[in-house]
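Summary of the model geometry
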Amino acid sequence: MESRLRVQGNPIQPMLVTFPFGLFVSAAVFDLADVAGGPAFLGEVGYWSAVAALVAAALATVAGMVDLWDVRAGRTRRTAVTFNLVNAAMAGLFLLACLIRAHAPQRGATGALLATELLALAVGAVGVWLGARLMRQFDRGRVEPSGFEALGTVTGSTVEIVRRPA
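Residues numbered from 1 in each chain as written. Predicted model: local features only at pLDDT ≥ 70, side-chain atom pairs only at ≥ 80, totals over all residues. Heavy atoms only, no water.

Throughout the structure, instances matching the rule amount to two aromatic pairs. Note on F24 and F94: the rings are 4.1 Å apart at their centroids and 15 degrees apart in plane angle, and the pair reads as stacked. You can see F24 sitting in helix α2 (residues 18-35) and its partner F94 sitting in helix α4 (residues 75-101), a full 70 residues away along the chain. Relative accessible area serves as the criterion here: at 0%, F94 is assigned to the buried category. (Phe/Tyr/Trp six-rings, centres within 6.5 Å; stacked < 30°, edge-to-face > 60°. Helix = DSSP H or I, 4+ residues; strand = E, 2+ residues; numbered from the N terminus. Buried < 20%, exposed > 50% of the residue type's maximum accessible area, 1.4 Å probe, protein only.)

Quick look at the structure:
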C-alpha cells in the first residue's frame, strides 16, 4: 500500500498529523498556565492554538481519507480506520472545549475545560501509537537512503498526486 498524496515519495498524512497534535499540546499548556493563575492572555492564546489545531486536523483528516480509500480490508485497514476515529475523537473533544469558550469575553480556560483537553491528549496519545503502527505496516520492506545520500535522490517534481489505473 502506498499513499496517493506524497512529497518526495513520502506520504503527506503522517506529516500533517504532527501539526494538530503539537498545537493541541501547546493549547493545553497555555490553558494550564491560565488556570494556574498566569496572565489572562494565556487563555486566549490557548483558545486560538486549539482553533488552529482544529483547522490543521481537518486538513490531516482529508489526507487520511484519501489514503484510506486504497487500503484493502484486513488488519491494516482496521488500524487505519481506528487511527482516524481516535484522531477525530481527540479533535471532537477540543472542538467541544472551543465551542464552550467561543462566547466567553476573554476565552479563558477553566479547570473542567483543561481536564477535557487533557483527556483529549490522552486519546491523541493512542492515535500516535496507532499512527506509528500504521507506518510500520505500510513501510515494511521499504529501504530509503539516509544522510547525505538522500539529497542526491531528489529528482523531478517533489509533490505528487498519484492516480491509480482503472
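Here the narrative resumes.
Counting residues in each nonpolar core, the largest one holds 14 residues, and the members touching the most others are F24, L54 and F94. Of all elements in the fold, only α2, α3 (41-68), α4 and α5 (111-138) reach the threshold of two or more residues within this core. Among the elements that line this core, the one with the most residues is α3, at five residues. Those residues within four positions of L54 in sequence are excluded, and the remaining contacts are F24, A91, F94, L95 and C98. (Core = buried A, V, L, I, M, F, W, Y, C linked by side-chain atoms within 4.5 Å. Contact = heavy atoms within 4.5 Å.)

In this model, the protein chain carries an average pLDDT of 80, and 79% of its residues clear a pLDDT of 70 or more. Per-element confidence in the protein chain ranges from a low mean pLDDT of 63 for strand β3 (residues 159-161) to a high of 92 for α2. (pLDDT = per-residue confidence, 0-100.)

Turning next to α2. Its 18 residues give α2 an end-to-end C-alpha distance of 26 Å, which sits within 8% of 26 Å, the value for a rise of 1.5 Å per residue. Those residues of α2 not exposed but buried are P20, F24, A27, A28, D31 and D34. For α2, the arc enclosing every buried residue in end-on projection is 120 degrees, short of the 170-degree limit, so these residues lie on one face. Looking at α2, the residues exposed on the side facing more than 90 degrees away from the buried face are T18, F19 and V29. Looking one or two places after α2, you find G37, whose phi comes out positive at around 105 degrees. (Expected span 1.5 Å × (residues − 1). Arc of directions from axis to C-beta.)

Right, let's get into the environment of Q106. Structurally, Q106 is set in the loop between α4 and α5. It is 6.3 Å that separates the C-alpha atoms of Q106 and E44, two residues lying 62 residues apart in sequence. When residues no more than four places from it in sequence are discounted, the contact partners of Q106 are A40 and E44.

Glancing now at the packing of α3 against α4. Orientation of α3 relative to α4, taken along the N-to-C sense of each, is 155 degrees, at an axis distance of 10 Å. The orientation of α3 with respect to α4, classified from their angle, is roughly antiparallel. The way α3 lies across α4 gives a crossing that is left-handed. Of the residues in α4, those touching α3 at G43, G46, Y47, A50, V51, L54, A57, G64, M65 and L68 are R77, A80, V81, N84, A91, F94, L95, C98 and R101. Classifying every residue of the contact of α3 with α4 gives 13 nonpolar, four polar and two charged. (Axes fitted to C-alpha atoms, helices over the stretch in contact; angles between N-to-C directions. Parallel < 35°, antiparallel > 145°, perpendicular 65-115°, else oblique. Left-handed = near helix turned anticlockwise from the far one by under 90°. Nonpolar A, V, L, I, M, F, W, Y, C, P; charged D, E, K, R; others polar.)

What follows concerns the side chain of R101. Turning to its location among the elements, R101 is positioned in helix α4. Residue R101 is classed as buried on the basis of its relative accessible area of 2%. In this structure the side chain of R101 is engaged in a polar contact, spanning 2.6 Å, whose partner is the backbone oxygen of G43. Sequence-distant contacts of R101, that is, excluding residues within four places in its chain, are made with D31, G43, G46, Y47, R107, G108, A109, L113 and E117. (Polar contact = N/O pair within 3.5 Å; in protein donor to acceptor, adjacent residues only side chain to side chain.)

A separate point is the pattern of salt bridges. What the rule picks out here adds up to two salt bridges. Close ionic contact of D31 with R101 constitutes a salt bridge, the shortest N to O distance being 2.7 Å. Of this pair, D31 sits in helix α2 while R101 sits in helix α4, and the two are 70 residues apart along the sequence. With respect to class, D31 is no different from R101; both count as buried. For R101, the salt bridge goes to E117, with nearest N and O atoms at 3.2 Å. Separated by 16 residues along the polypeptide, R101 in helix α4 and E117 in helix α5 bring together distant segments of the chain. For E117, a relative accessible area of 1% corresponds to the buried category. Taken together, the shared-partner salt bridges connect D31, R101 and E117 into one network. (Salt bridge = Lys/Arg side-chain N within 4 Å of Asp/Glu carboxyl O.)

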